[in-house]
Amino acid sequence: MIVVSENLKGLIEQTSLVPLTALDEFSITLTLSKDIVRLDVPNGQEVVYGTTVPKECIKEEVLTDALIFSPRQAVLACSKELVKMPKGYMGLLQTKGSLARLFVSVHCSDGQVEPGFEGRVTFEICNMGNATVKILNGAPIAQMFIFKTSSNKSAYDGKYCHSQKPTISYQDKNEE
């Protein structure tokens with residue numbers, strides 16, 4: 001069951017899921033934070049799935065005004081909002097329609113927020129179009145739909161929990 005309207009507002013008020021200002025009629029609006037990560041892998045070098053990405057390939061940036069990226073470029077960014085997903089609920093991310101119509105996607109395929117997750121949601125923003133796109137800091141870029149789960153026993157407490165910045169695949173938190 002998808003949680004909407006006054007039920008969504010009540011859930012936010014009861015659990016502090018997100019700031020109430022993020023509430024929309026049918027979803028929660030998530031905005032672009034100023035922290036981003038770019039993968040800068042030299043030509044000929046490869047990143048091996050399942051292993052730690054070499055530090056020299058990770059370029060952390062703090063945006064001063066906006067995210068500007070060229071066609072076929074991708075970055076990791078995160079939500080400005082802290083999300084505290086309660087047990088018994090799960091979030092599914094969708095790109096805001098106006099941004100999607102510029103051929104920009106907020107997530108490649110990792111678009112879920114598990115019960116028990118707390119932190120800023122990492123976005124995999126991809127420009128799949130043929131135009132350079134500029135997204136201002138704080139712009140609404142994603143909407144999160146909240147679903148009631150069939151059980152409220154499990155809670156996510158994995159390596160991405162309590163994230164404050166974009167998280168990269170297989171990055172060892174002990175190295176930071």
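Just so you know, these numbers come straight off a predicted model, no measurement behind them.

A. Representation of the packing of aromatic side chains within the structure. Applying the stated criterion to the full structure yields 0 aromatic pairs. In this structure, Lys148 is placed above the aromatic ring of Tyr89, and the distance from its NZ or CZ to the ring centre is 4.8 Å.

B. Examining the pattern of salt bridges more closely. All told, the structure shown has 2 salt bridges when counted by the stated rule. One salt bridge in this structure joins Arg38 and Glu61, with 2.6 Å as the shortest N-O distance. In this pair, Arg38 is assigned in strand β2 (residues 28-39) and Glu61 in strand β3 (residues 58-62), connecting sequence segments 23 residues apart. Residue classification places Glu61 among the partly exposed positions, given a relative accessible area of 28%.

C. Here's a closer look at the side chain of Ser33. Its location among the elements puts Ser33 in strand β2. With residues near it in sequence (within four places) discarded, Ser33 still touches Leu63, Cys78, Ser79 and Lys80.

D. Just the environment of Thr51, in detail. Checked against the element boundaries, Thr51 lands in the loop between β2 and β3. With relative accessibility at 37%, the residue Thr51 sits in the partly exposed group. In the structure, Thr51 is positioned 118 residues away from Ser169 in sequence and 8.4 Å away in space, judged by C-alpha atoms. Reaching out from Thr51, the side chain makes a polar contact with the backbone oxygen of Val48 at a distance of 2.7 Å.

E. Spatial organisation of unusual backbone geometry. Positive phi values are uncommon outside glycine, yet Ser16 reaches one of about 55°. By the secondary structure assignment, Ser16 is in the loop between α1 (5-15) and β2. Given a relative accessible area of 41%, Ser16 falls into the partly exposed group. Of note, the phi angle at Phe103 is positive, near 65°, even though the residue is not glycine. Topologically, Phe103 is positioned in the loop between α2 (97-100) and β7 (104-105).

About the criteria used
Residues numbered from 1 in each chain as written. Predicted model: local features only at pLDDT ≥ 70, side-chain atom pairs only at ≥ 80, totals over all residues. Heavy atoms only, no water. Phe/Tyr/Trp six-rings, centres within 6.5 Å; stacked < 30°, edge-to-face > 60°. Lys NZ or Arg CZ within 6 Å of the ring centre and 35° of its normal. Salt bridge = Lys/Arg side-chain N within 4 Å of Asp/Glu carboxyl O. Helix = DSSP H or I, 4+ residues; strand = E, 2+ residues; numbered from the N terminus. Buried < 20%, exposed > 50% of the residue type's maximum accessible area, 1.4 Å probe, protein only. Contact = heavy atoms within 4.5 Å. Polar contact = N/O pair within 3.5 Å; in protein donor to acceptor, adjacent residues only side chain to side chain.

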